[in-house]
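Read off the chains here:
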Amino acid sequence: MVGASAARPMAVASLQNVGRRTLATSRPSLISKARPAARATFDRTTLRQSFRRSYADDVINPAVKAKAKRGSWFALKWLWRLTYLSAIAGTGWVAYGIYESRHPADQADPDSNKKTLVILGTGWGSVSLLKKLDTENYNVVIISPRNYFLFTPLLPSCTTGTIEHRSIMEPVRNFLRHKKAAVTFYEADATKIDYEKKIVYINDGSDVKGATSSNEVPFDMLVVGVGAENATFGRSGRSHDDT
Ligand SMILES: Cc1cc2nc3c(=O)[nH]c(=O)nc-3n(C[C@H](O)[C@H](O)[C@H](O)COP(=O)(O)OP(=O)(O)OC[C@H]3O[C@@H](n4cnc5c(N)ncnc54)[C@H](O)[C@@H]3O)c2cc1C
């Protein structure tokens with residue numbers, strides 16, 4: 001038993017040696033990698049000559065230098081041309097836009113063969129529809145006590161004096177005069193709608209009135225965009241009419 005236990009460590013040591021030897025002999029590349037690499041040596045004379053040669057080439061061949069210079073000058077010239085051409089085109093485009101807005105094309109008159117579309121109100125809903133509407137397809141009539149569109153999100157800035165009221169009001173005429181066909185506008189309140197007879201009753205409640213202040217407007221299609229009124233719960237001084 002004692003002899004066997006003493007022989008076991010020796011067997012283990014010899015096995016380890018075998019393992020090491022096998023690795024070392026089977027992969028000689030590992031040995032070479034483990035050795036430090038030889039220091040790189042430069043032939044100073046060759047290096048110096050190569051520098052001199054490239055410098056000398058430049059001096060001898062100035063055409064290369066000139067070509068590179070010409071290339072960058074060419075790019076700069078075209079960049080400048082593009083800049084001023086874009087500036088001219090931009091100015092022309094803005095000028096044309098201004099001219100077009102001031103000189104709208106002639107509009108087609110209402111046609112009795114077309115259906116009549118009546119739009120009530122000139123708020124967000126009605127104006128959004130108006131902007132997209134092709135007025136050539138219908139005889140369009142707008143009825144509203146306000147002849148302008150009000151940009152409500154900026155109303156609080158008017159109360160603090162940051163913005164003037166007129167800056168957030170856009171006359172509906174600005175949209176209407178650029179439509180292909182003419183649009184009729186009544187500055188009045190719609191007081192009643194008769195869906196059976198397809199008639200809207202209107203009344204001009206403003207201070208400036210014409211000879212007739214009430215009228216009836218027939219329609220084939222009706223868009224109601226009169227918004228909503230706040231509930232004042234009977235408290236005085238809260239509604240628009242109280243001011
Ligand atoms: C101060 C303020 C800030 C707001 N800010 C925002 C915001 O930041 N974002 C947002 O999404 N919403 C905002 N809103 C809400 C938004 O303005 C309304 O939701 C929107 O105006 C509703 O659009 P509308 O077309 O239904 O009605 P309105 O825009 O109120 O338009 C109603 C139109 O109908 C006309 N009219 C009224 N009575 C008659 C009648 N009898 N006959 C014919 N025409 C009539 C009116 O003159 C008006 O032209 C704000 C509202 C206010 C007051």
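One can find the structure itself at the top, above this paragraph.
These figures come from a predicted structure and were not determined experimentally. (Residues numbered from 1 in each chain as written. Predicted model: local features only at pLDDT ≥ 70, side-chain atom pairs only at ≥ 80, totals over all residues. Heavy atoms only, no water.)

A. Region of the structure containing the sheet that holds strand β8 (residues 214-218). A sheet is described by the order of its strands in space; here three strands give the open sequence β6-β7-β8, paired in antiparallel fashion. Whereas interior strands pair on both sides, the edge strands pair on one side only; in this sheet they are β6 (189-194) and β8. Here the strands of the sheet are splayed against their neighbours by 25° on average, with no regard to which way each runs. Pairing between β6 and strand β7 (residues 199-203): five bridges, direction antiparallel. Residue Asp-189 lies in a different strand from β7, and its bridge partner there is Asn-203. (Pairing = 2+ DSSP bridges. Helix = DSSP H or I, 4+ residues; strand = E, 2+ residues; numbered from the N terminus. Axes fitted to C-alpha atoms, helices over the stretch in contact; angles between N-to-C directions.)

B. Main features of the site of the ligand. Taken together, 18 residues are adjacent to the ligand, and Thr-122, Trp-124, Gly-125, Thr-152 and Ala-190 come closest. In the model, an oxygen atom of the ligand is placed 3.0 Å from a nitrogen or oxygen of the Thr-122 main chain. Thr-152 places a side-chain nitrogen or oxygen 2.6 Å from an oxygen atom of the ligand. Protein chains bury 56% of the 990 Å² of accessible surface belonging to the ligand in isolation. The site holding the ligand turns out to be the largest pocket. Contributions of two or more residues to the shell around the ligand are made by α5 (124-132), α6 (155-159) and β6. Across the shell around the ligand, the residue classes tally to eight nonpolar, eight polar and two charged. (Near = heavy atom within 4 Å. Polar contact = N/O pair within 3.5 Å; in protein donor to acceptor, adjacent residues only side chain to side chain. Areas by Shrake-Rupley, 256 points an atom, 1.4 Å probe, with all protein chains shown as cover. 1 Å grid on protein atoms, 1.4 Å probe; cavity = no way out; pocket = protein on both sides within 12 Å on 5 of 7 lines; lining within 4 Å. Sits in = over half its atoms within 2 Å of the grid points. Nonpolar A, V, L, I, M, F, W, Y, C, P; charged D, E, K, R; others polar.)

C. Spatial organisation of the layout of surface pockets. Of the pockets and cavities examined, the largest pocket occupies roughly 1,300 Å³. Elements with a minimum of two residues in the lining of the largest pocket: α5, β3 (148-150) and β6. Along the lines of polarity and charge, the residues of the lining of the largest pocket split into twelve nonpolar, 13 polar and five charged. (Points joined across faces, edges and corners; volume = space filled by probe spheres on them.)

D. Structural context of the pattern of salt bridges. Throughout the structure, instances matching the rule amount to one salt bridge. We note a salt bridge from Arg-166 to Glu-164, for which the minimum N-O separation is 3.1 Å. In this structure Arg-166 comes out as exposed when scored by relative accessible area, which is 63%. With a relative accessible area of 47%, Glu-164 lands in the partly exposed category. (Salt bridge = Lys/Arg side-chain N within 4 Å of Asp/Glu carboxyl O. Buried < 20%, exposed > 50% of the residue type's maximum accessible area, 1.4 Å probe, protein only.)

E. View of the sheet that holds strand β1 (residues 116-120). Taken in spatial order, the four strands make up an open sheet running β5-β2-β1-β9, and their pairing is parallel. Each edge of the open sheet is held by one strand with a lone partner, namely β5 (184-186) and β9 (221-224). The sheet shows a mean angle of 15° between the axes of neighbouring strands, direction not considered. Its contacts with the sheet put α5 on β1, β2 (139-143) and β9, and the angle it makes with β1 is roughly 145°. (Contact = heavy atoms within 4.5 Å.)

F. Region of interest: the side chain of Asp-204. Mapping Asp-204 onto the fold places it in the loop between β7 and β8. A distance of 2.7 Å separates polar atoms of two side chains, one belonging to Asp-204 and the other to Ser-206. If we skip the residues at most four places from it in the chain, Asp-204 touches Glu-187, Ala-188, Lys-209 and Ser-213.

G. Structural detail: the nonpolar core. Core analysis: the biggest nonpolar cluster contains twelve residues, these being Leu-117, Ile-119, Val-127, Leu-130, Leu-133, Val-140, Ile-142, Phe-149, Val-172, Phe-175, Leu-176 and Val-183. Elements supplying a minimum of two residues to this core: β1, α5, β2 and α7 (172-176). No other element matches α7, which puts three residues into this core. Apart from the residues lying within four places of it in its own chain, the contact partners of Leu-176 are Gln-107, Leu-130, Ile-142 and Val-183. Formed by nine residues, the second largest nonpolar core is a distinct cluster that contains Leu-120, Val-200, Ile-202 and Val-217. (Core = buried A, V, L, I, M, F, W, Y, C linked by side-chain atoms within 4.5 Å.)

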